[in-house]
Amino acid sequence: MTTQLQDHAVRVQGLEKSYQELTVLRGVDFDVARGSIFALLGSNGAGKTTVVRILATLLRADAGSATVNGFDVATHPGQVRESFSLTGQFAAVDEVLTGRENLVLVARLRHLTDPGRIADDLLDRFSLTEAAGRKVSTYSGGMRRRLDIAMSLIGDPPVIFLDEPTTGLDPQARIEVWQAVKALAESGTTVLLTTQYLQEAEQLADRIAILHQGRIIVNGTLAELKQLLPPAEVEHVEKQPTLEDVFLSLVGDRPHGDTGQHRNVGPHE
Amino acid sequence: MTTHVLTDNAVLLGRSLRHISRSPDTIITTAVTPIAMMLLFVYVFGGAISTGTDGYVNYLLPGILVITIASGIAYTAYRLFLDMQSGILDRFQSMPIARSSVLWAHVLTSLVATTVSLVVVVLVGLLMGFRSGAGVLAWLAVAGILFLLTLALTWVAVIPGLTATSVDGASAFSYPLIFLPFISSAFVPTDTMPGPVRVFAENQPVTAIVDAIRDLLAQQPVGTDIWIALVWCVGILVVAYLVAMVTYRRKTA
């Protein structure tokens, strides 16, 4: 294994995938540096989920190669599965179990000692302690998503895949998830997230790649992507609040306010 | 990883059993249809059916047990389907666990839930006058046949559970299984059936299984029925298991 490989938490080269007649990926290449947040941006049906499923060993590629944490997904799926956690497009939580039971379940399946303590720590970190004993079917969308992400953190995998983590969430829940993702990266976890929201990529990602018609058409930092367009013209514009600002100030419980007082999500620093 | 097969299985089995204990209606619904049929046939039609045995409930119970199994395994398909839909199966699949334990946990859950339903149905049968002087060995043999049939039909249920595209589709496969006992010796002896129907009835698995159980419970010699019953069960089990596993691999890789 070369040292170059080790520098990348995820490396995707020439990935191709078709479903019967439909070609979804036509040669996808990208690398994700360790400890960074990488956003795969694309419209619905661009193939983002297909890339994630191949990386998560849930789907086999037709051609090309992919490594996670230095392990090839096709030849070493076992080690790959030890290296990452997947938070899929729909919160994959057990509705019948309580929040705490969901966490304990995953901790047991990861063969960790003291699953109960791990569960309690995560419930605390994700502000779910009060809801811990309730069936997940009573949770809101945001709570489900937080539980879902908490389940993915069990066992501290070096890489986390988040497939459209905020689709279908209201603005507050979305900000909660963003805080969680940022905290993850700060603690050294590599995050590969897919999104169709441009703002989300802008907010979170160190690097952004745009997947379009089965290929990566651009890949760079936000600043680099911005340079692709002609330099901004200086215009005099009145700074208007966005609808989101209005909404959040009216409903008045911005979950992790600028003061940072209620900041409960993510690892303690 | 393989060293964890048993623990992974136990953890996932615990999860599914918790589902059942939190919605015991699955066990009740499984038992209700067979019990209703038993009441209907014993107290409404039974008087007019001549089976050559004393007490129609004694004649009927083995067939009712088969119907109980058929309606119980429908829930296995249903639970598996829901796991596929909710994405939790993907979560398990993407974790470093023994992948086969995901299916086995559902299969073992089916065995436990169906056993409870069978016990409930037998207890109701006892209340309705079912009696058997069969010894421990005969009862063990009956339990063995029922266990094998449940295992075989559960693996059959895994296939629609993995491939269905709707909840209805996931459980619809069990309707023919529930209907099959009607064209067998489960409710009435096959002697009075017209030619082709009789040929079908006498050569389909339910008749062999039901006859074997009935003879064991009535302390009659079981003859070749029990071997035919076992061959059917094992045959269905092997085919269903292989198809289910191929389907599973194709779905998950």
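This one's a predicted model, so the numbers in the text were calculated from it and none came from an experiment.

> Quick question: what am I supposed to make of the packing of aromatic side chains here?
What characterises a pair of aromatic rings is the spacing of the ring centres plus the angle enclosed by the ring planes. Evaluated as defined, the whole model comprises 12 aromatic pairs over all chains. Ring geometry for Tyr56(B) versus Tyr59(B): centroids 6.0 Å apart, planes at 20 degrees, classification stacked. With Tyr56(B) and Tyr59(B) both in helix H3 (residues 56-86) and three residues apart, this pair spans about one turn of that helix. Under the relative-accessibility criterion, Tyr56(B) is labelled buried at 9%. For Tyr59(B), a relative accessible area of 5% gives the class buried. Consider the rings of Trp104(B) and Trp155(B), whose centres lie 5.1 Å apart with planes at 80 degrees: the pair is edge-to-face. Of this pair, Trp104(B) sits in helix H5 (residues 100-127) while Trp155(B) sits in helix H6 (residues 136-163), placing them 51 residues apart in sequence. Geometry around Tyr197(A) places Arg174(A) over its ring, the cationic atom sitting 5.8 Å from the centre.

> Looking at this structure, how should I read the nonpolar core?
Inside soluble globular proteins, nonpolar side chains tend to come together where they are buried. Leu103(A), Met38(B), Trp155(B) and Phe187(B) are the most contacted members of the largest nonpolar core, which has 121 residues in total. No other element matches H3(B), which puts 14 residues into this core. Apart from residues lying up to four places away in sequence, Leu103(A) is in contact with Ala119(A), Leu122(A), Leu123(A), Leu147(A), Ala150(A), Met151(A) and Ile154(A). In this structure, Leu15(A), Ile54(A), Ala56(A) and Val73(A) belong to the second largest nonpolar core, which totals 30 residues.

> What's the story with the interface of chain B and chain A in this structure? I'm lost.
Note: interface size is frequently given as the accessible area lost on complex formation between the parts. The interface is formed by 23 residues belonging to chain B together with 31 residues belonging to chain A. Carbon and sulfur atoms supply 59% of the area that chain B and chain A bury against each other, a total of about 2,400 Å² over both sides. Counting across the chain B and chain A interface gives five salt bridges. On the surface where chain B and chain A come into contact, there are 11 residue pairs in polar contact (both at pLDDT 80 or more). Here the element with the most residues in the side of chain B that touches chain A is helix H1 (residues 5-22) of chain B; it accounts for seven residues. Classifying every residue of the side of chain B that touches chain A gives nine nonpolar, seven polar and seven charged.

> Would you mind showing me how to read the sheet that holds strand S3 (residues 37-41) of chain A here?
Whenever strands of a sheet pair, they do so through backbone hydrogen bonds, lying parallel or antiparallel. Residue and element names in this part refer to chain A. A sheet is described by the order of its strands in space; here six strands give the open sequence S6-S7-S8-S3-S9-S10, paired in mixed fashion. One side of each edge strand has no neighbouring strand; the edge strands of this open sheet are strand S6 (84-87) and strand S10 (215-220). Across the sheet, the mean angle from the axis of one strand to that of its neighbour is 15 degrees, orientation sign disregarded. Note that strand S9 (residues 207-212) and S10 share five bridges and pair antiparallel. If you follow Ile208 over to S10, its bridge partner there is Gly220. The sheet contacts of helix H6 (residues 141-153) involve S6 and strand S7 (159-163), and relative to S6 the element is tilted by about 165 degrees.

> It is not clear to me how the environment of Val104(A) should be interpreted in this structure. Could you clarify?
All names here are of chain A. Counting through the fold element by element, Val104 comes out in helix H4 (residues 99-109). For Val104, a relative accessible area of 11% translates into the label buried. Residues Val104 and Val32, spaced 72 residues apart in sequence, show a C-alpha to C-alpha distance of 30 Å. In this view, Val104 contacts Pro115, Gly116 and Ala119; residues no more than four positions away in its chain are not counted.

> How should the pairing of strand S1 (residues 8-19) of chain A be read in this particular structure?
Taken residue by residue, a regular strand's side chains alternate between the two faces of the sheet. Residue and element names in this part refer to chain A. Where S1 meets strand S2 (residues 22-33), nine bridges bridge the pair, whose relative direction is antiparallel. Counted as the bridge partner of Tyr19 is Leu22 from S2. Hairpin connection from S1 to S2: two residues lie between these consecutive antiparallel strands, with Gln20 at a positive phi of about 45 degrees. Across five bridges, S1 lies against strand S4 (residues 63-68) in antiparallel orientation. When the bridges of S4 are listed, Val10 appears paired with Val68.

> Help me understand the environment of Val10(A), please; the structure alone is not making it clear to me.
All names here are of chain A. Structurally, Val10 is set in strand S1. Each C-alpha atom, one on Val10 and one on Gly70, is 7.4 Å from the other, the two residues being 60 residues apart in sequence. Excluding residues within four positions of it along the chain, Val10 makes contact with Phe30, Asp31, Val32, Leu55, Thr67, Val159 and Phe161.

Thresholds applied
- Residue indices follow the written sequence of each chain, beginning from 1 at its first position.
- Labels are handed out in written order, letters beginning with A for the chains and numbers beginning with 1 for the ligands.
- Since the coordinates come from a predicted model, pLDDT governs what is reported: local features require at least 70, and pairs of side-chain atoms require 80 or more to be given and counted, while whole-chain, interface and lining totals use all residues.
- The basis for every side-chain value is the complete set of non-hydrogen atoms in the structure, without hydrogens or water.
- For Phe, Tyr and Trp, rings pair up if their centres lie within 6.5 Å, where Trp contributes its six-membered ring, and each pair is then called stacked (planes under 30 degrees apart), edge-to-face (over 60) or tilted (otherwise).
- The helix and strand labels rest on DSSP assignments: H or I over at least four residues marks a helix, E over at least two residues marks a strand, and numbering proceeds from the N terminus.
- Under the scheme applied here, a residue whose accessible area is under 20% of the maximum for its type counts as buried, over 50% as exposed, and between as partly exposed, the area being computed with a 1.4 Å probe on protein chains only.
- Two limits define a charge over a ring: the Lys NZ or Arg CZ must be within 6 Å of the ring centre, and within 35 degrees of the ring normal.
- Among buried residues, those of type Ala, Val, Leu, Ile, Met, Phe, Trp, Tyr and Cys that are joined through side-chain atoms within 4.5 Å constitute a nonpolar core.
- We call two residues contacting when some pair of their heavy atoms lies within 4.5 Å.
- Two parts placed together each lose some accessible area; with a 1.4 Å probe, that loss summed over both constitutes the buried area.
- One speaks of a salt bridge when a side-chain nitrogen belonging to Lys or Arg is within 4 Å of a carboxyl oxygen belonging to Asp or Glu.
- N or O atoms closer than or at 3.5 Å make up a polar contact, with two conditions inside protein: a donor-capable atom paired with an acceptor-capable one, and, for residues adjacent in sequence, both atoms drawn from side chains.
- Under the scheme applied here, ten amino acids are nonpolar (Ala, Val, Leu, Ile, Met, Phe, Trp, Tyr, Cys and Pro), four are charged (Asp, Glu, Lys and Arg), and all others, including Gly, are polar.
- When DSSP finds two or more bridges between a pair of strands, those strands are recorded as paired.
- The convention used is that axes are lines fitted to C-alpha atoms, helices contributing only their stretch in contact, and that angles between N-to-C directions extend from 0 to 180 degrees.

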